[in-house]
Amino acid sequence: MTETEIMDRKHQEDLQRIRGFRLLDDDFLTKCFDRKTDCMELVLQIVLENPDLQVVDVRTQVFVENLLNRSVRLDVLATDSAGRKFNVEIQRADKGAGRKRARYNSSMMDSHLLDKGKDVEMLPETYVIFITERDVLKAGLPIYHIDRMIQETGKPFGDGSHIIYVNAQCKNDTPLGKLMHDFSCTQADDMHYPVLAERVRYFKENVKGATTMCREVEKLVMAERDEGRAEGRAEGNIESSARAVRNVMAKMSLSVEEAMQFLELPDSEKDAVRKLIEQ
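Quick caveat: nothing in here was measured; it's all calculated off a predicted structure. (Residues numbered from 1 in each chain as written. Predicted model: local features only at pLDDT ≥ 70, side-chain atom pairs only at ≥ 80, totals over all residues. Heavy atoms only, no water.)

1. Section: the pattern of salt bridges
Part 1 of the reasoning: Counted under the stated rule, the structure contains 14 salt bridges.
Part 2 of the reasoning: The shortest N-O distance in the salt bridge between Glu89 and Arg101 comes to 3.1 Å. Here Glu89, found in strand S3 (residues 85-91), pairs with Arg101, found in helix H4 (residues 99-111); they are 12 residues apart in sequence, far enough to count as distant.
Part 3 of the reasoning: Across the pair Arg201 and Glu205 runs a salt bridge, and its minimum N-O distance is 3.7 Å. With Arg201 and Glu205 both in helix H6 (residues 194-205) and 4 residues apart, this pair spans about one turn of that helix.
Part 4 of the reasoning: Overall, Arg201 belongs to the partly exposed group, its relative accessible area being 29%. (Salt bridge = Lys/Arg side-chain N within 4 Å of Asp/Glu carboxyl O. Helix = DSSP H or I, 4+ residues; strand = E, 2+ residues; numbered from the N terminus. Buried < 20%, exposed > 50% of the residue type's maximum accessible area, 1.4 Å probe, protein only.)

2. Focus on the packing of helix H2 (residues 26-33) against H6
Part 1 of the reasoning: In contact at an axis separation of 10 Å, H2 and H6 are set at 105° when each is read in the N-to-C sense. The angle between H2 and H6 falls in the class roughly perpendicular. For the pair H2 and H6, contact is made by Phe28, Lys31, Cys32 and Phe33 and by Leu196, Arg199, Val200, Phe203 and Lys204, respectively.
Part 2 of the reasoning: Partitioned by chemical class, the residues of the contact of H2 with H6 number 6 nonpolar, no polar and 3 charged. (Axes fitted to C-alpha atoms, helices over the stretch in contact; angles between N-to-C directions. Parallel < 35°, antiparallel > 145°, perpendicular 65-115°, else oblique. Contact = heavy atoms within 4.5 Å. Nonpolar A, V, L, I, M, F, W, Y, C, P; charged D, E, K, R; others polar.)

3. Quick word on the packing of aromatic side chains
To describe a pair of aromatic rings, one takes the distance between the centres and the angle between the planes.
Part 1 of the reasoning: This model, assessed by the stated rule, comprises 5 aromatic pairs.
Part 2 of the reasoning: On the numbers, 5.6 Å between centres and 45° between planes, the contact of Phe21 with Phe28 is tilted.
Part 3 of the reasoning: Look at Phe28 and you get buried, because its relative accessible area is 1%.
Part 4 of the reasoning: A centroid spacing of 5.0 Å and a plane angle of 75° characterise the contact between Tyr202 and Phe203, whose relative ring orientation is edge-to-face.
Part 5 of the reasoning: A residue is classified by how much of its surface remains accessible, and Tyr202, at 26% relative accessible area, is partly exposed.
Part 6 of the reasoning: Of note, Lys204 hangs over the ring of Phe28, and the distance from its end group to the ring centre comes to 5.6 Å. (Phe/Tyr/Trp six-rings, centres within 6.5 Å; stacked < 30°, edge-to-face > 60°. Lys NZ or Arg CZ within 6 Å of the ring centre and 35° of its normal.)

4. Regarding the pairing of strand S8 (residues 161-167)
Successive side chains on a regular strand alternate, one facing one side of the sheet and the next facing the other.
Part 1 of the reasoning: Along S8, 7 of the 7 residues are buried, which leaves the element largely enclosed by surrounding structure.
Part 2 of the reasoning: Burial along S8 is two-sided: the face carrying Ser161, Ile163, Tyr165 and Asn167 and the face carrying His162, Ile164 and Val166 are both buried.
Part 3 of the reasoning: Taken together, the 7 bridges between strand S4 (residues 126-132) and S8 define a ladder with parallel strand orientation. Pairing of Phe130 across the sheet is with Tyr165, part of S8.
Part 4 of the reasoning: Summarising the sheet, strand S5 (residues 143-146) and S8 pair through 4 bridges and their orientation is antiparallel. For Ile146, the partnering residue across the bridge sits in S8 and is Ile163. (Pairing = 2+ DSSP bridges.)

5. Points about H2
Part 1 of the reasoning: Most of H2 sits inside the fold, with 6 of its 8 residues counted as buried.
Part 2 of the reasoning: Of all the positions in H2, only Asp26, Phe28, Leu29, Thr30, Cys32 and Phe33 are classed as buried.
Part 3 of the reasoning: Of the residues flanking the end of H2, it is Arg35, one or two places downstream, whose phi is positive at about 65°.

6. Considering the packing of helix H3 (residues 37-47) against H6
Part 1 of the reasoning: Here H3 crosses H6 at 140°, and the two axes come no closer than 9 Å. Taken as axis vectors, H3 and H6 run oblique relative to one another. The hand of the H3/H6 crossing is left-handed. Residues Asp38, Cys39 and Leu42 of H3 pack against Val195, Leu196 and Arg199 of H6.
Part 2 of the reasoning: Here the contact of H3 with H6 is built from residues that sort into 4 nonpolar, no polar and 2 charged. (Left-handed = near helix turned anticlockwise from the far one by under 90°.)

7. Re the environment of Asp159
Part 1 of the reasoning: By the element assignment, Asp159 lies in the loop between strand S7 (155-156) and S8.
Part 2 of the reasoning: Relative accessible area serves as the criterion here: at 36%, Asp159 is assigned to the partly exposed category.
Part 3 of the reasoning: Remark: the alpha-carbon pair of Asp159 and Glu125, spanning 34 residues in sequence, is separated by 8.0 Å.
Part 4 of the reasoning: At 2.5 Å, the side chain of Asp159 and the side chain of Arg148 are in polar contact.
Part 5 of the reasoning: In terms of polar contacts, Asp159 uses its side chain to reach the backbone amide nitrogen of Ser161, at 3.3 Å. (Polar contact = N/O pair within 3.5 Å; in protein donor to acceptor, adjacent residues only side chain to side chain.)

8. Points about unusual backbone geometry
Backbone geometry follows two general trends: most residues other than glycine have a negative phi, and most peptide bonds adopt the trans configuration.
Part 1 of the reasoning: Here Gln61, not a glycine, exhibits a phi torsion of approximately 50°, which is positive.
Part 2 of the reasoning: For Lys138, which is not glycine, the phi dihedral falls at a positive 55°.
Part 3 of the reasoning: Looking at the element boundaries, Lys138 is found in the loop between S4 and S5.
Part 4 of the reasoning: Since its relative accessible area comes to 63%, Lys138 is described here as exposed.

9. What to know about H4
Part 1 of the reasoning: With 13 residues, H4 should reach 18 Å at 1.5 Å per residue; the first-to-last C-alpha distance of 19 Å fits that figure.
Part 2 of the reasoning: For H4, the elements touching its buried residues are strand S1 (55-64), strand S2 (72-80), S3, S4 and S8. (Expected span 1.5 Å × (residues − 1).)

Structural data, given as structure tokens:
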């Protein structure tokens, strides 16, 4: 096979992978939403039931550094016209949307939103919003609002910090249900909201957009492969290989076989890894 044929096959594989992406895939969402205030505005207006909310800034893959302890990378960080800050996280795995993860994201936002010497009363209102593929809190509800309260009085504490979980399993005829339907779609033509459909169509059907997305896929491929190999080398066991395969399956919507091939797992490990994952 010539180099040109290899490159063409690789490009076709990338395009096929892109066709399977959904807004529930964090890497695809962050590319679609980067600097797109209209997309984020729609999401926040529906989630918060506030049609007047106006987003003035959106950034994706925002690295919040902590020099002494663990840093964090936010999927999406948005600001509205009232100065409120919104961290939106896409999580397909329950583990990534744990309660303490939400708490940590909220605390990291606070630590970087107030300049030195400013009064703490100037802290803006913040929201950490997890959009999860499954019902992480397991109460069968489409959305969960978490706020601090005074136990003795039952009244809100009112510190301006909010955590919200959105359950993408709930797809119905409500605005939120339609939004979760759109987040689960692989094809723009099947989506309810034109602003989201247009953005998805650009990266899947427009030549320029698809080319841009292919470059992002290549970066993702290399990063995931290197991370998986590094983890396997560091731990040197089947469990670490299985974790790497699960991560690739979740992030790239691949089957077990495709993920093992992607990570170039040796044949000697495949049966054991397959059994672990299928348990």
